[in-house]
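The residues making up each chain are set out below.
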Amino acid sequence: MRSRNLFDPASKEPFKLSRSRIERFLKCPCCFYLDRRLGVDQVSGPAFTLNSATDTLLKKEFDVCRAEGKKHPIMAKNNINAVPFQHRDLNEWRENFKGVQYHHKPTNFIVTGAVDDVWVDPNGKLIVVDYKSTSTAKVISLDDEWKQAYKRQMEIYQWLLRRNGFDVSNTGYFVYVNADTGQDAFDGKLVFDEQLIEYIGDDSWVEDAITEAHLCLMRDTIPQSTATCDWCNYRNESLVFFKN
Ligand code: SF4
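Below is a summary of the structure that appears in this document. Quick caveat, the model's predicted, so the values are computed rather than measured.

Cut-offs and rules
Residues numbered from 1 in each chain as written. Predicted model: local features only at pLDDT ≥ 70, side-chain atom pairs only at ≥ 80, totals over all residues. Heavy atoms only, no water. Near = heavy atom within 4 Å. Helix = DSSP H or I, 4+ residues; strand = E, 2+ residues; numbered from the N terminus. Nonpolar A, V, L, I, M, F, W, Y, C, P; charged D, E, K, R; others polar. Axes fitted to C-alpha atoms, helices over the stretch in contact; angles between N-to-C directions. Parallel < 35°, antiparallel > 145°, perpendicular 65-115°, else oblique. Contact = heavy atoms within 4.5 Å. Pairing = 2+ DSSP bridges.

### Brief notes about the site of the ligand
- Close to the ligand lie C28, C30, C31, Q42, S225, T226, C229, W231 and C232.
- Going through the elements one at a time, helix 2 (29–36) and helix 8 (230–243) are the ones with two or more residues in the shell around the ligand.
- Residues belonging to the shell around the ligand are distributed by class as follows: six nonpolar, three polar and no charged.

The structure is reproduced here in structure tokens:
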């Protein structure tokens, strides 16, 4: 059980709440409460090191274009009228545990979210960009149920940048890289297709979600768990099994 980074309803200190924890709250207030209030987090899985590697390399590529004030080839190919954004805080915005931050006074939360990239159009409007890696023979889209979280992720970044005073476009982009398993051999490398997927965001839900998350943490009772979650079902069925 963790004893740090716990929400204390009596504290006057601002409490950091990351984008991923807001997502956790939306999926299951019980899990969110157990983690942020009682220090019992979900069991973490192995790190997605291949995804991190593609993110790192994409950042390097886009940073070369940023330094030169030029479009990346995938932007040119898709007729995007923008270039990678230059800002002194960009590296901080991209850093986990820092990210873009906003002090939401009504809840006293410091809301954070680490963006992958930001582009800017000729009118100075910012465009939020997220890198994603996959390996699939299917046409990539944002239609799967589990990808609704990707959309919310982008919308929180848009909200955060707006709260920091920037003019932000509702249009964001996912730079998707897809490892091609149709190659004849591995030959010590993965070959990726690159695809740009446009998404029109709507951050109007974010404020309410933050307020609800705060109300959840202020309570002294643990919320109901989500009935469809495999983890809790597994735990409950195991308990029944061991009791018998
Ligand atoms: S149902 Fe249980 S394991 Fe699943 S997210 Fe909620 S508290 Fe966590």
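### As for the packing of helix 1 (residues 19–27) against helix 7 (residues 206–218)
- At their nearest, the axes of helix 1 and helix 7 sit 10 Å apart, and the two run at 75° to each other. In this view, helix 1 runs roughly perpendicular relative to helix 7, as classed from their interaxial angle. Mapping the contact onto sequence places I22, F25 and L26 in helix 1 and A209, I210, E212, A213 and C216 in helix 7.
- The residue inventory of the contact of helix 1 with helix 7, partitioned by class, reads seven nonpolar, no polar and one charged.

### With respect to the sheet that holds strand 5 (residues 117–120)
- The five strands are arranged 2-5-6-7-8 in an open sheet whose pairing can be described as mixed. With one partner strand each, in any of the chains shown, strand 2 (83–84) and strand 8 (192–200) form the two edges of the open sheet.
- Two strands pair when backbone bridges link them, and strand 7 (residues 171–179) and strand 8 are joined in this way by nine bridges, in the antiparallel orientation. Opposite A179, over in strand 8, you have F192 as the bridge partner.
- Its contacts with the sheet place helix 6 (residues 148–163) against strand 5, strand 6 (126–134), strand 7 and strand 8, and it is angled at close to 150° to strand 6.

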